[in-house]
Amino acid sequence: MTGQSRPAPRPNIGLIPPYVAGRPPTVRPGMTSYKLSSNENPYPPLPGVVEAVQEAVAQMNRYPDMGSAALYAALAETCRVPVEDLSVATGSVALIYQLVQAFCEPGDEVVFAWRSFEAYPIAVTAAAATAVRVPVLPDGRHDLPAMAAAVTDRTRVVLVCTPNNPTGPAVSQTELDEFLAAVPPHVLVVVDEAYLEFVRMADPVDGLATYRRHQNVVLTRTFSKAYGLAGFRVGYAVAPAPLAAALRAVSLPFGVSSVAQAAAIASLERREELLERVDALVAERTRVATGLRERGWDVPQAQGNFVWFELGERTADFAAAAEELGIMVRPFAGEGARVSIGETEANDRLLRLAEGFVR
């Protein structure tokens with residue numbers, strides 16, 4: 001009808017940047033294609049996990065346990081923390097949304113490194129908060145002193161992605177301790193540990209010890225990467241009880257399906273086998289990073305399950321050349337490309353690409 005207004009979303013909704021997922025592999029006749037664009041675990045589910053999932057599927061006509069009691073108990077035992085200090089959600093990305101929603105009023109500031117996880121500015125903008133992006137250092141590391149200096153009276157949350165996605169380096173415990181000492185205690189510091197299991201470095205962050213020492217620290221973790229459950233969407237936070245309670249208060253009811261809960265619990269029971277697979281992926285990461293440097297590439301220190309290529313305006317050309325070789329990478333226009341560590345053949349093709357691509 002003419003002359004009538006229509007419902008309109010809040011102005012900030014139109015400003016939300018789209019999330020760009022990694023593209024699936026292009027089908028090429030006579031060639032196996034590989035998806036190295038989403039930091040997925042290339043291994044199939046651990047033995048026993050599929051069986052646990054199949055058992056849960058038989059009850060799909062029932063709602064999941066909204067309290068996720070069995071999963072909370074398994075996480076509490078694994079992490080050696082009280083159940084009250086945990087919050088589970090639909091992947092760790094959901095926890096980021098919930099944290100900003102629970103702790104920020106419109107206009108409050110959220111500080112994070114950039115480039116970092118693509119969902120950060122989306123979550124901040126969706127909550128009508130203000131994103132404060134602090135450039136990473138030339139080697140892809142967080143500039144924690146600059147991030148501390150960026151904290152103002154309006155800052156409510158700081159996001160520390162370690163290892164940093166997509167550049168790869170991780171924060172050391174010494175760096176994190178110095179940063180926390182510089183941040184006011186009323187500012188929430190989120191240590192995003194999505195790639196925790198892949199870290200191999202001197203002085204690594206001990207997230208659990210850090211959360212026990214600070215009342216303003218939240219750890220976010222996921223089953224999507226090392227555990228290989230990306231298709232089920234399960235994440236969890238570890239935080240002092242009042243902070244964890246706030247996260248649970250704003251969580252989506254029945255947000256973690258019964259099938260996802262069963263898969264996560266079964267995976268925790270097989271953690272030793274999981275870590276063997278992680279070690280194999282770390283060995284491949286080392287082989288790839290060493291091979292890239294031998295071919296003249298100056299790649300940042302990789303502590304996740306991926307490597308980063310600083311390419312600038314050559315990014316699209318690099319992604320197209322990779323696709324011709326049957327590997328899909330994750331380009332960030334005008335900046336660079338992130339490439340996951342995948343199957344051995346896929347990694348070998350990446351090394352061939354790096355050798356032949358004119359820098």
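Below you will find a few notes about this structure. (Residues numbered from 1 in each chain as written. Predicted model: local features only at pLDDT ≥ 70, side-chain atom pairs only at ≥ 80, totals over all residues. Heavy atoms only, no water.)

**A short note on helix H1 (residues 49–57)**
Helical periodicity: at 3.6 residues per turn, an α-helix aligns residues three or four positions apart in one direction. Defined as follows: The cut-offs for exposure are 20% and 50% of the maximum accessible area for each residue type, with area from a 1.4 Å probe on protein chains only; residues under the lower value are buried, those over the upper are exposed, and the others partly exposed. Here a strand is any run of E in DSSP of at least two residues, a helix any run of H or I of at least four, and the numbering for each starts at the N terminus. Summarising the geometry, the arc corresponds to the directions from the helix axis toward the C-beta atoms. We call two residues in contact whenever any of their non-hydrogen atoms come within 4.5 Å of each other.
Every buried residue of H1 is listed here: Val49, Val53 and Ala56. Down the axis of H1, the buried set is contained in an arc of 60 degrees. They therefore lie on one face. Exposed and facing more than 90 degrees away from the buried side of H1 are Gln54 and Glu55. At its buried positions, H1 is contacted by helix H9 (258–269).

**Considerations on the pattern of salt bridges**
Test applied: Each salt bridge in this description consists of a side-chain nitrogen of Lys or Arg and a carboxyl oxygen of Asp or Glu lying within 4 Å of one another.
For the structure on display, the rule yields 17 salt bridges. Note that Glu335 and Arg115 form a salt bridge whose closest N and O atoms lie 2.7 Å from each other. Here Glu335 is found in the loop between strand S11 (330–332) and strand S12 (336–340), whereas its partner Arg115 is found in the loop between strand S3 (109–114) and helix H4 (119–126), with 220 residues between them in sequence. Overall, Arg115 belongs to the buried group, its relative accessible area being 14%. For Arg295, the salt bridge goes to Glu355, with nearest N and O atoms at 3.5 Å. Here Arg295, found in the loop between helix H10 (271–294) and strand S9 (306–310), pairs with Glu355, found in helix H12 (residues 344–356); they are 60 residues apart in sequence, far enough to count as distant. Using a relative accessible area of 56% as the deciding quantity, one classes Glu355 as exposed. Here the salt bridges do not stand alone but share partners, grouping Asp108, Arg154 and Arg156 into one network.

**A closer look at the side chain of Gln261**
Here Gln261 shows up in helix H9. We classify Gln261 as buried; its relative accessible area is 7%. Beyond its immediate sequence surroundings of up to four residues, Gln261 is in contact with Pro64, Asp65, Ser68, Leu71 and Val256.

**Section: the sheet that holds strand S8 (residues 235–238)**
Selection criterion: Whether two strands pair depends on DSSP finding at least two bridges between them. Each axis is a line fitted through C-alpha atoms, taken for helices only over the stretch in contact, and angles between the N-to-C directions span 0 to 180 degrees.
Pairing within the open sheet is mixed, and its seven strands lie in the order S2-S8-S7-S6-S5-S3-S4. Edge positions in the sheet fall to strand S2 (86–89) and strand S4 (130–135), since each has one partner strand and no second. The sheet shows a mean angle of 20 degrees between the axes of neighbouring strands, direction not considered. The strands touched by helix H3 (residues 92–103) within the sheet are S2, S3, strand S5 (155–161), strand S6 (188–192), strand S7 (217–222) and S8, with S7 carrying the most contacts at an inclination of about 155 degrees.

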